[in-house]
Amino acid sequence: MNLFPNQDAAANSRPVDPSAIDWRSLLALFLGSRLLIWAVAGVSLAVVEKGQFFTPPAGPADWFMRWDAVFYEGLAAHGYSYDPGAGSTNVVFLPALPLLIRAVSLGGLIDFRIGGYLVSLACLWIACVWLWRAVAREWNDPRLATLAVAFLLLGPVSFFFSCLYSEALFLPLAIGCVDAARQDRWWRAGILGALAALTRFVGVILLVPLLWQYLESMFRGGSRSRPKSAVLLACFLPVAGFLVFCGFLWVRFGDPLLYFHAENFWGRHFAWFWDLLYRESFSNQPLFYRIWFSATLATAVFVLLAGVLLRMPVAYSLFALASAGVYISARLVESLPRYFSVLFPLYVALALVGRRWPRTVLPLLATSTALLIFSVVLFVNGYWFT
């Protein structure tokens, strides 16, 4: 496995077949990173002092059953419920992941936790394959593609891709959506975008890169290559996907906007970026968390800027920027590291940095892996980490 891509690969080699995946490297990275996460979790549970939110796990299947994972397990088992006087409610969690968990768990014949882990791991594997293909096709460089996957699997909070969190499902859908649009496969892109919007609200933002690609294709290669006007409808399928969920809420609970109303119970509502850092949700956090969240935002901006300078496709940058804008405007910053983990252009940008400056590859991967280990320790031992 060679993680040092050749900067001149695209110019000096014949076109890479995106289907000719380096399966051995991908499988080694996938299994190695997942085993590392579980090993760190098991060892830390035995030796690390527990945080205030710790509850003793009954077994390994409970190690990562915290926060949102509990809600997704409950949704898979019992479906949606809403009590206006109960405060927090599960209607803020979109249905694609719990439906998939329920299907894999055969309606409860298999433990929903096990079904959830299987779904997340399968989705993560698909994300690795699709990311590899997208990068190999875009830059004609298989080593660059492998490096992008390495940054994904060893990301600081990539353990969320292995448990009952919607990030694992959203990630391949977002990658597939944008990559399909880059190939002018509009209906495939639209359908994947609709499924992404049924997984996480930010999926509606896939409308932005889809519209960009549509406009770009309109002015590329003459009139014969222009897309038909009808495929413009495919670009709006991500929005349609979320509207389907709103329709369900209308029929079930009588309020098509219940998702947004329920978000208020979780403290999420619009805030300007420059106002965010001065709000109580940030300023009342312990110093460590303020540094952690601020560093996440600053690093994401820096990495994305590097990707733009290294000529990352505009559609990639637009997806990352628009999604980050939605997350930042939600007022709460506690989950920014997890939210940003699905912005796959960040991993591509890091790989491009590694190709441009090969000496940065090992330090970047080592730093990311160290942060991953630290994050796993915090999460499984009951420290505030959502």
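This report concerns the structure included in the present document. (Residues numbered from 1 in each chain as written. Predicted model: local features only at pLDDT ≥ 70, side-chain atom pairs only at ≥ 80, totals over all residues. Heavy atoms only, no water.)

## Concerning the environment of Ala-127
- Among the secondary structure elements, Ala-127 is positioned in helix H5 (residues 112–139).
- The exposure class assigned to Ala-127 is buried, which follows from its relative accessible area of 0%.
- Expressed as a C-alpha distance, the spacing of Ala-127 and Phe-170, which sit 43 residues apart in the sequence, is 9.1 Å.
- Once you skip the residues sitting within four places of it in the chain, Ala-127 turns out to touch Leu-171, Pro-172 and Ile-175. (Helix = DSSP H or I, 4+ residues; strand = E, 2+ residues; numbered from the N terminus. Buried < 20%, exposed > 50% of the residue type's maximum accessible area, 1.4 Å probe, protein only. Contact = heavy atoms within 4.5 Å.)

## A closer look at helix H7 (residues 167–182)
- Taking 1.5 Å per residue, 16 residues should reach 22 Å; H7 reaches 22 Å between its end C-alpha atoms and fits that length.
- Taking burial as the measure, the 16 residues of H7 include 15 buried ones, the bulk of the element.
- Of the residues one or two after H7, Asp-184 is the one with positive phi, at around 65 degrees. (Expected span 1.5 Å × (residues − 1).)

## Notes on the packing of helix H2 (residues 23–47) against helix H6 (residues 142–153)
- Between H2 and H6, the least distance of the axes is 10 Å, while the angle of their chain directions is 10 degrees. Put simply, H2 runs roughly parallel to H6. The residues of H6 that touch H2, namely those facing Ser-25, Leu-26, Leu-29, Phe-30, Ser-33 and Arg-34, are Thr-146, Val-149, Ala-150 and Leu-153.
- Per-class residue counts for the contact of H2 with H6 are six nonpolar, three polar and one charged. (Axes fitted to C-alpha atoms, helices over the stretch in contact; angles between N-to-C directions. Parallel < 35°, antiparallel > 145°, perpendicular 65-115°, else oblique. Nonpolar A, V, L, I, M, F, W, Y, C, P; charged D, E, K, R; others polar.)

## Considerations on the nonpolar core
- If you look at the biggest cluster of nonpolar residues, it comprises 127 residues, and the most contacted ones within it are Phe-64, Leu-131, Phe-159, Phe-340, Phe-344, Val-348 and Val-376.
- Broken down by element, this core gets its largest block of residues, 14 residues, from H5.
- Among all residues touching Phe-159, those that are not within four sequence positions of it are Arg-34, Ile-37, Phe-64, Leu-372, Ser-375, Val-376, Phe-379 and Phe-385. (Core = buried A, V, L, I, M, F, W, Y, C linked by side-chain atoms within 4.5 Å.)

## Description of the packing of aromatic side chains
- Evaluation of the coordinates by the stated rule reveals 41 aromatic pairs.
- On the numbers, 6.4 Å between centres and 15 degrees between planes, the contact of Phe-160 with Phe-385 is stacked. Taken as a pair, Phe-160 in the loop between H6 and H7 and Phe-385 in the segment after helix H19 (361–380) lie far apart in primary sequence, 225 residues in all.
- Above the ring of Phe-54, the side-chain terminus of Lys-50 is found at 5.4 Å from the ring centroid.
- Its end group placed over the ring of Phe-160, Arg-338 keeps NZ or CZ at 5.6 Å from the ring centre. (Phe/Tyr/Trp six-rings, centres within 6.5 Å; stacked < 30°, edge-to-face > 60°. Lys NZ or Arg CZ within 6 Å of the ring centre and 35° of its normal.)

## Thoughts on the packing of H2 against H5
- One can describe the packing of H2 onto H5 by two numbers: an axis separation of 11 Å at closest approach and a directional angle of 140 degrees. In this structure, H2 crosses over H5, and the sense of that crossing is right-handed. Between H2 and H5, the residues in contact are Trp-23, Leu-26, Leu-27, Phe-30, Arg-34 and Trp-38 and Tyr-117, Leu-121, Leu-124, Trp-125, Cys-128, Val-129 and Trp-132, respectively.
- Considering only residue class, the contact of H2 with H5 consists of 12 nonpolar, no polar and one charged. (Left-handed = near helix turned anticlockwise from the far one by under 90°.)

## Some details on unusual backbone geometry
- Positive phi, close to 55 degrees, is recorded for Trp-67, a residue that is not glycine.
- Tracing the chain through its elements places Trp-67 in the loop between H2 and helix H3 (68–78).
- The exposure class of Trp-67 is partly exposed, given its relative accessible area of 24%.
- Of note, Arg-311 is a non-glycine position whose phi angle comes to about 70 degrees, a positive value.
- What makes Arg-311 exposed here is its relative accessible area of 74%.

## Focus: helix H11 (residues 237–253)
- When the terminal C-alpha atoms of H11 are compared, their 24 Å separation across 17 residues agrees well with the 24 Å that a helix rising 1.5 Å per residue should span.
- Residues of H11 that are buried include every one of Pro-238, Gly-241, Phe-242, Phe-245, Cys-246 and Leu-249, and no others. The buried residues of H11 occupy one face: seen down the axis, they fall within an arc of 140 degrees. Exposed positions of H11 whose direction lies more than 90 degrees from the buried face are Leu-243, Val-244, Trp-250 and Val-251.
- Check the buried side of H11 and you find it contacts helix H8 (186–197), helix H9 (207–218), helix H10 (232–235) and helix H12 (258–263). (Arc of directions from axis to C-beta.)

## Regarding the side chain of Ser-341
- Tracing the backbone through its elements, the reader meets Ser-341 in the loop between helix H17 (336–340) and helix H18 (345–356).
- Given a relative accessible area of 3%, Ser-341 falls into the buried group.
- Side-chain polar atoms of Ser-341 contact the backbone oxygen of Arg-338, separated by 2.5 Å. (Polar contact = N/O pair within 3.5 Å; in protein donor to acceptor, adjacent residues only side chain to side chain.)

## Examining the side chain of Arg-200
- Structurally, Arg-200 is set in the loop between H8 and H9.
- Of the residues examined, Arg-200 reaches a relative accessible area of 12% and is grouped as buried.
- A polar side-chain atom of Arg-200 sits 2.7 Å from a polar atom in the side chain of Ser-166.
- Separated by 3.5 Å, the side chains of Arg-200 and Tyr-327 make a polar contact.
- Among residues more than four places away in sequence, those in contact with Arg-200 are Leu-94, Ser-166, Glu-167, Phe-170, Tyr-327, Arg-338 and Tyr-339.

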